[in-house]
Number of protein chains: 2
Amino acid sequence: MRMSDLITQEILRLLNNSEMNIAEIQRNELANTIGCAPSQINYVLSSRFTPEHGYIIESRRGGGGYIRIKRVVLSQSSALMHIVNSIGETIDPMTTRIVIENCLESGLVDGKTARLMAAAVSGNAMQSVPVEFRDYLRASVLKHMLLSLI
Amino acid sequence: MRMSDLITQEILRLLNNSEMNIAEIQRNELANTIGCAPSQINYVLSSRFTPEHGYIIESRRGGGGYIRIKRVVLSQSSALMHIVNSIGETIDPMTTRIVIENCLESGLVDGKTARLMAAAVSGNAMQSVPVEFRDYLRASVLKHMLLSLI
DNA sequence: TATACACGAAAGTCAGGGAAAGTCAATACC
DNA sequence: GGTATTGACTTTCCCTGACTTTCGTGTATA
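Procedures and definitions
- Residues numbered from 1 in each chain as written.
- Chains lettered and ligands numbered in written order.
- Predicted model: local features only at pLDDT ≥ 70, side-chain atom pairs only at ≥ 80, totals over all residues.
- Heavy atoms only, no water.
- Contact = heavy atoms within 4.5 Å.
- Buried area = accessible area lost by both parts, 1.4 Å probe.
- Salt bridge = Lys/Arg side-chain N within 4 Å of Asp/Glu carboxyl O.
- Polar contact = N/O pair within 3.5 Å; in protein donor to acceptor, adjacent residues only side chain to side chain.
- Helix = DSSP H or I, 4+ residues; strand = E, 2+ residues; numbered from the N terminus.
- Near = heavy atom within 4 Å.
- Pairing = 2+ DSSP bridges.
- Axes fitted to C-alpha atoms, helices over the stretch in contact; angles between N-to-C directions.
- 1 Å grid on protein atoms, 1.4 Å probe; cavity = no way out; pocket = protein on both sides within 12 Å on 5 of 7 lines; lining within 4 Å.
- Points joined across faces, edges and corners; volume = space filled by probe spheres on them.
- Nonpolar A, V, L, I, M, F, W, Y, C, P; charged D, E, K, R; others polar.

What follows is about the interface of chain A and chain B. Quoted interface sizes are often the accessible area lost when the parts come together. In this assembly, 28 residues from chain A lie in contact with 26 residues from chain B. Of all residues in chain A, Lys112, Leu116 and His144 of chain A bury the most surface against chain B, accounting for 23% of the area lost on that side. Taken together, the connections running from chain A to chain B amount to two salt bridges. A salt bridge links lysine 112 of chain B to aspartate 110 of chain A, with the nearest nitrogen and oxygen atoms 3.6 Å apart. Our enumeration of links across chain A and chain B arrives at three residue pairs in polar contact (both at pLDDT 80 or more). Mapped onto the side of chain A that touches chain B, the elements with two or more residues apiece are helix 6 (111-120) and helix 7 (131-148) of chain A. Per-element tally for the side of chain A that touches chain B: the top contributor is helix 7 of chain A, with eight residues.

Below is the structure:
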């Protein structure tokens, strides 16, 4: 069995044992008990516990540091997932506006959130990057924001 | 639990017990009851109770000395304006995190909004633009989002 | 009486070390 | 060719101890 699978298994076990769908680990400790390099943990987290997979990671360095893995429970948020998946590599301002308006109308987000997202991907906000990057950037930022709502 | 967390907790407790949002401590005494080096108190104050975080510190040395921590309460819009103005042309991920956490702790934004903003300016979201633009972009996007809340 | 000075009791500063997580490029394994 | 794995290096955060600065007070002296 592969190391990455062992690590994945262990994290899932912790998540299942938790009422709150939260697993908190110490990187070096876990790496030790499993017997792998600490950085391997990062690899597993960044390849299998991404927001796209329905997980949120937060961490802290230094003494008493930790890594916290939250599993997101899919309910009506699968609608958001659907929207996220429908957004490609790039998105133009017009389509962006439509996506946000749809979210608002379908009640997935409230007015305040919609305005916030619109502000984040507005033309004004993106003037500091060259035109050729903007559609990529807009897609990426929009997707990350939508995922954060899950 | 980390010492810095204990100290933080105790100061917050004192602040919450105070009508005036003022906590007054004696450094050596607090260090003693908690069981840490006195200078550790300074560390906590300078890392978690800064003006950026919405606190003002004043102190006095010598016999009968003290440290006074004041929590500043601003109106929401002026506080947001203040934060926006304090953000320059560029902002690095670290400072960004502090700004957003600050907004959260001071109640300017709720948890959901904080997560949304963090997602919008996360490193992951910005991978599609070259490194040299990211700090400019982050500043711009963050400011636009904050302004949209007013 | 008034001034100066000494001394102790606080808080402040800073360099340094240790503990943890993050990053990345190179390599190994399907 | 893509996925795993590692190790070296970096960054962030925590904590301490030695030393410095500031303040109040008591005391000696002109």
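Now that the structure is up, let's keep going.
Around DNA strand D, the surrounding shell holds 28 residues, and the nearest of these are Ser4, Gln40 and Tyr43 of chain A together with Tyr43 and Arg60 of chain B. Here DNA strand D approaches the protein such that, of its atoms within 4 Å, sugar and phosphate make up 64%. Backbone polar atom of alanine 37 of chain A to a phosphate oxygen of DNA strand D: 3.2 Å apart, as the coordinates give it. In this structure, a phosphate oxygen belonging to DNA strand D sits 3.3 Å away from a side-chain N or O atom of arginine 97 of chain B. The set of elements that each furnish at least two residues to the surface near DNA strand D consists of helix 1 (3-17) and helix 3 (38-48) of chain A together with helix 1 (3-17), helix 3 (38-48) and helix 5 (93-105) of chain B.

All names here are of chain B. On the basis of which strands lie adjacent, the open sheet formed by three strands has the order 1-3-2 and antiparallel pairing. Because the sheet does not close on itself, it has two edges, and the strands there are strand 1 (22-25) and strand 2 (55-60). Each strand axis lies, on average, 15° off the axis of its neighbour in the sheet, ignoring direction. Against the sheet, helix 1 touches strand 1, strand 2 and strand 3 (66-71), its axis set at about 130° to strand 1.

Residue and element names in this part refer to chain A. Under the definition given, this model contains 18 salt bridges over all chains. Across the pair arginine 97 and glutamate 101 runs a salt bridge whose closest N-O atoms are separated by 3.4 Å. One end of the pair, arginine 97, and the other, glutamate 101, are both in helix 5 (residues 93-105), four residues apart, so they sit about a helical turn from each other.

All names here are of chain B. By volume, the second largest pocket is sized at about 280 Å³. Taken together, 13 residues make up the lining of the second largest pocket; nearest its centre are Arg27, Arg60, Arg61, Tyr66 and Ile67. At the level of secondary structure, the elements contributing two or more residues to the lining of the second largest pocket comprise helix 2 (27-34), helix 3, strand 2 and strand 3. When grouped by side-chain class, the residues that make up the lining of the second largest pocket number four nonpolar, five polar and four charged.

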